[in-house]
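Here are the chains, one letter per residue:
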Amino acid sequence: MNEEIRSLISEATQGEVFAVWFLIGAALVFWMQAGFAMVEAGFTRAKNTGNIIMKNLMDFCIGTVVFILIGFSLLLGEDALGLIGKPGFDLFTSYESFDFSSFVFNLVFCATTATIVSGAMAERTKFLSYCIYSGVISALIYPIEAHWIWGGGWLSSMGFHDFAGSTAIHMVGGISALIGAKMEGPRIGKFIRDAKGKVTKVNAFPGHNICIGALGVFILWFGWYGFNGAAATSLEQLGSIFLTTTVAPAVATVVCMIFTWIKYGKPDVSMCLNASLAGLVGITAPCDVTDCFGAIMVGTVSGLLVVFGVWLLDHKLHIDDPVGAVAVHCMNGIWGTIAVGLFATSSAPGYSIADADGVMMEGLFYGGGFKLLGIQLTGFVAVAAWTAITITIAFAIIKKVIGLRVTREEEMTGLDATEHGLPSAYAGFAMSPEYIEEGGAPVVVDGDVPVAEAVQVKKVPSFEEGDHKFTKIEIVCKESRFESLKSALMNVGITGMTVSHVLGCGLQKGKPEYYRGVQVEATLLPKVQVDIVVSKVPVRTVIETAKKVLYTGHIGDGKIFVYDVENVVKVRTGEEGYDALQDVE
C-alpha cells in the first residue's frame, strides 16, 4: 500500500513539476522576442533601429489582442471537419475552467511566426502596413494551419509530426517573409541594374552592430530550450530534446564556418550566426524523435543550406532579405519537416509517431520506409500552399489600399525619424554616412563631395634651393595605426608633423572582402592624414618606415604621396629653407 501511495505521490509531483516547466518554457519563448529584435537590429543599419525595436514589440502586443479575439479559438477550438477550430469566447464566458497555460503557451508561439517576417522586410516597410499584416498572421494564417497540426486537424490524424514548429511556425513565417520581400522590392542600392533592367551587381549592406546581433542569437538559442522542450512529458524526453537542440545548431555553425572560410577566404561572422539559428530551426520538428546522429545530420545540412539560401536570394532571385530570414526559417523549416521522415527513430524517449490506424512509423534511414516521409511532404505542401495564398492576398490588399513601402526619401532618411519621430536610436553617437543608388552610381547621402575627390592629390612645382631639396610626404592611414606611425617616424628623426582627420576610400585591385557572400564596396571611412616636410632625413627612410608600420595586407592600409616643395618659412623666426626645418627633423 505504501508503495502505491508513494507511486501516486511521485506521479502527481512529476505532473506538477512539468506543468510549471510548461509555463517556464512559455516565458523562455516570450524572451525570444528580445532575441529576434537584437538580431534584426544588429544586422541592419543604425538609422532604422528604433523602427525595428517597435515592430518586434508590437507584433507580440497586436498578436495578443487578435489571438484573444479569434486566433486561440481557431487554433484549439472544437474541431470542425479537421480544418478549423470553431470560434468561441470561452476566455470570457468560462474563465473559471479555462486552460490558462495552454493559451499563454500557444500565444508566444503565435507571436514568433509574425516576427520572422519583420527581418526580411526591414528598412523599407510602412509601420502601419506591418501592424496590419502582423495582425492577419496572428489572427488567421497561423491559427488555422496550426490547428491542422496541433489542434486535432487533418494532418495530425494522418500522423504528421512537427513537435515544436519547423513547419507551423518557421516555414510559415519564412514563406510569408519571402513573398513580402519580393512584393515590396529591395532596399535602394541593393541591386545595380543596367539599362535593360538586368541585375549587374549585388551590393553588401553590412549590419551596424554585429555585437547586438550575436547577443540576439545567444538569447534565441537560450530561449529555444523552452521552444523545443516545454512540451516534454518526462525527464528522459526533456534531456533528449535538450541534447538534440544543442547538437544541431553547434554542428551547423561549425559546418558554415568551414564552408565560408574555404569559399570566401575568411570565416563569415554574420553567416555563422545565421547558421546557429538555421540549425535550431532544422531540429525544431524532429527534436523529440531523433537521436544524436540524426541531430548531427540535421545540423550539417542546415549549415550548408543557410549559405546557399542567402546566395540564392541575392544572386539568382534578387530578393533583398537583410537578416537572412528566408534562408534561416523558410528553407530550414522545410528541411526540418522533411528530416522527421528521414531520421525519426523509436529509440528516442517518449516516441509516439503513428499513422491513422495507430501503427508506429519511423524515418527512412531507420528502416521505416517512405510512409512517414510521404506524410511529412504532404504536410509541407499543404501548409506552404495555404500560407502562400493567404499571405499573398493580404499583402496585395495592403499594397493596393495603403501601400507596403515607404517613400524613397523616407527610406534614405531612415525609418526612425520618418515613421516614429526618433532622430536616432543612438543619441550622442556619430554615425557613418550611408550610400544609396542614384542614377546607377553610388553617392553619399549627407554630403556633396564625390568619392573620387575624398582625398585630393595635389601637384606642387619642383624647386631646389642650393644643395638642399625639400620634400613633402603625405601619409593617409587608419586611425588605429597613427600612434605606431608617429612613434616610428620620431625614431628616424622626424619631430614635427601636421595631422588631420579626413574621410577616404578607393577602389581596390587587391583581395576583396565579403559580407554574407557579397563583396563589400568601398565606403568613406575615417582616416588620418599625416603631412611631413623633410630635407635632412632621407625620403626613402620615411617611406619604408611608414610602409613597415602600416602594412596589414587588408584593404585600407593607406597611401603615401610624395611632392617636391619650393620653400619652407618658419613664421616665428623668419627662417627659410633648410634652417626652418632644423627643429622638426
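Preceding block: the structure.
Rules of the game
- Residues numbered from 1 in each chain as written.
- Predicted model: local features only at pLDDT ≥ 70, side-chain atom pairs only at ≥ 80, totals over all residues.
- Heavy atoms only, no water.
- Helix = DSSP H or I, 4+ residues; strand = E, 2+ residues; numbered from the N terminus.
- Buried < 20%, exposed > 50% of the residue type's maximum accessible area, 1.4 Å probe, protein only.
- Contact = heavy atoms within 4.5 Å.
- Areas by Shrake-Rupley, 256 points an atom, 1.4 Å probe, with all protein chains shown as cover.
- Salt bridge = Lys/Arg side-chain N within 4 Å of Asp/Glu carboxyl O.
- Phe/Tyr/Trp six-rings, centres within 6.5 Å; stacked < 30°, edge-to-face > 60°.
- Lys NZ or Arg CZ within 6 Å of the ring centre and 35° of its normal.

J.: When you look at the overall build of the protein chain in this model, what are you seeing that I'm missing?
T.: When helices and strands are tallied, the protein chain shows 17 helices and 13 strands. Taken across its 585 residues, the protein chain has 51% of its residues classed as buried. Restricting the contact set of the protein chain to residue pairs at least 6 apart, pairs at least 24 apart contribute 76%. Per element, the accessible surface of the protein chain, about 26,100 Å² overall, is 65% carbon and sulfur.

J.: Could you clarify how one ought to interpret the pattern of salt bridges in this entry?
T.: When the charged atoms of two side chains with opposite charge come close together, those side chains can pair. Going through the model one piece at a time under the given rule, you end up with 15 salt bridges. In this structure, Lys86 engages Glu78 in a salt bridge whose closest nitrogen and oxygen atoms are separated by 3.8 Å. Between Asp355 and Lys371 there is a salt bridge, with its nearest N and O atoms 2.4 Å apart. Taken together, the residues span a long stretch of sequence, with Asp355 in the loop between helix 12 (325-343) and helix 13 (371-401) and Lys371 in helix 13 at a distance of 16 residues. A cluster of three or more residues bridged by salt bridges with shared partners is formed by Arg45, Glu123, Arg187 and Asp320.

J.: Explain the packing of aromatic side chains to me, please; I cannot follow it from the model alone.
T.: Each aromatic ring pair is characterised by the separation of its centres together with the angle its planes make. Per the counting criterion, the structure on display carries 23 aromatic pairs. Taken together through their ring pairs, the aromatic side chains of Phe22, Phe105, Phe109, Trp150, Trp224 and Phe227 make up a single cluster. Geometry around Tyr130 places Lys55 over its ring, the cationic atom sitting 5.3 Å from the centre.

J.: Could you clarify how one ought to interpret the environment of Glu513 in this entry?
T.: On the secondary structure map, Glu513 appears in the loop between strand 9 (498-504) and strand 10 (514-515). Taking the relative accessible area as the measure of exposure, Glu513 reaches 27% and is therefore partly exposed. Between the C-alpha atom of Glu513 and that of His554, which follows or precedes it by 41 residues, the distance is 8.5 Å. Setting aside residues up to four positions removed in sequence, Glu513 forms contacts with Lys266, Val518, Gln519, Val520, His554 and Ile555.

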